[in-house]
Structures are given as structure tokens and as C-alpha cells.
Amino acid sequence: MKIVSTFAVVEESLYAVLFDTELGILDANGNVIPNEKLHEFRRLFDFWNDPALLRVFFTEHIDDLNEDYWDGISIDEAIEKTRTEAKELERILIEYAEKGKTERLKNLSTLFKPLSDGKIEKDFEKDKVKVDGKKTWIRLYAIRIDANLFVVCGGAVKLRKTLNDRNYLLKELDKLEITRKYLMDEDNDALELFELY
């Protein structure tokens, strides 16, 4: 898997990478879709808003969904919960990305948090964002370049406590690391987008 390009979601604030493999682009479960060309931000929000794809996902991960922590939520309820969270998260991200261009107290850094509690990296920090609230499960993962400058590189419906025990979640960790290395590469032409910071 490699990064093909970066795309602006909100100019000068929020960007997203497009991953490619030898065979095609990855879907939400890490499966390869030939000829699919969506950057991570759009791919994830399209997935989180598609009831048919969510039904397949929750059916595949029914054991995780049936854990006591989720209080016996049905697949239909899980689909609605995911779509509601996704709409709210996308709205907040766009709002904060825009406002962060002129306001110090309402920017993307007030939303994104370090991926690992207590682990703050000086440069190109791995971050996550979610909707506020109890038992929310969608996560968007990004690399922080500056206070209001982030590059989205993945996301998931996180039904488990950690990212370390499901293949589709482990792929998100890989994508974070691939993106971090990509952004740290000083010879990378794509970094011209971010040079003003």
C-alpha cells in the first residue's frame, strides 16, 4: 500500500491521502476495490453513510457488536447510530477547519487528540477524532502538521477497546505510519502544500 496523492478537504486546513495498492484502493474493511479513486476522508464518510455497506460490515463483525458493552444493539440500530455520528463528525470537522483559519480557540487541534493517551509526538503526531458522547464508535485518524493543519489517513468503526486486535483496525495503524513517513520525507513533492507552515 502506498500514497498516491493528497487532496484538500478544506484548503489550508484539512487534507486527505489517497492510498493505492498494486490491485486497487482499499475499502473500509481493507479489501481491495479495483479502480476506486476516493481519498480517505471521502471514502470513510461515504462508507459511514451507506446502509448497505454498513449492514455488511456489522454482519461480518456481529460478535464484536454483540459484546455486553454495546448493550445488545441491533444491526439496524448500529447502522443508524453510525450514520448519525458520521453526519455530526463531518459537520464539526468542516466547521472547525474553516474557523481555525481565523480563530485560535476553535480549530482542528481542539478536536483531534493524540492516538495514544499520554504519548505526544513533537512532529507529525498521530491523532484521532470522534464525536463527543458516551459509547461513540467512529474514529477518524490523521497526522497533525500544525494547530489547524491535519492530513486524514484513515478511520474505522471501532467496536473494540484497542486497535491491536482486529485486522481492519491494525490496517489503520499501518496507514497512520505510512502517512507519517510520507509527510516526513523531505524529498516528497506533495509537501509543497504544507510548506507555508
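Everything numeric here is computed off the predicted structure, so don't read it as measured data.

J.: So what exactly am I meant to see when it comes to the overall build of the protein chain here?
T.: Secondary structure assignment for the protein chain yields five helices and eight strands. The secondary structure elements of the protein chain, listed N-terminal to C-terminal, are β-β-β-β-α-α-α-α-β-β-β-β-α. Burial status across the protein chain gives 47% buried among its 197 residues. Residue pairs in contact within the protein chain that sit at least 24 positions apart in sequence constitute 51% of those at least 6 positions apart. Accessible area of the protein chain: about 10500 Å², with a carbon and sulfur share of 48%.

J.: Would you mind going over the packing of aromatic side chains with me for this structure?
T.: Working definition: an aromatic ring pair is given by the centre-to-centre distance plus the angle between the planes. Per the counting criterion, the structure on display carries nine aromatic pairs. Aromatic pair phenylalanine 47 and phenylalanine 57: ring centres 5.9 Å apart, planes at 80°, arrangement edge-to-face. Here phenylalanine 47 is found in helix H1 (residues 40-48), whereas its partner phenylalanine 57 is found in helix H2 (residues 51-60), with ten residues between them in sequence. Since its relative accessible area comes to 8%, phenylalanine 47 is described here as buried. Among the residues examined, phenylalanine 57 registers a relative accessible area of 1% and is labelled buried. Positioned above the aromatic ring of tryptophan 137 is the side chain of lysine 81, whose terminal nitrogen or guanidinium carbon lies 4.8 Å from the ring centre.

What counts and what doesn't
Residues numbered from 1 in each chain as written. Predicted model: local features only at pLDDT ≥ 70, side-chain atom pairs only at ≥ 80, totals over all residues. Heavy atoms only, no water. Helix = DSSP H or I, 4+ residues; strand = E, 2+ residues; numbered from the N terminus. Buried < 20%, exposed > 50% of the residue type's maximum accessible area, 1.4 Å probe, protein only. Contact = heavy atoms within 4.5 Å. Areas by Shrake-Rupley, 256 points an atom, 1.4 Å probe, with all protein chains shown as cover. Phe/Tyr/Trp six-rings, centres within 6.5 Å; stacked < 30°, edge-to-face > 60°. Lys NZ or Arg CZ within 6 Å of the ring centre and 35° of its normal.

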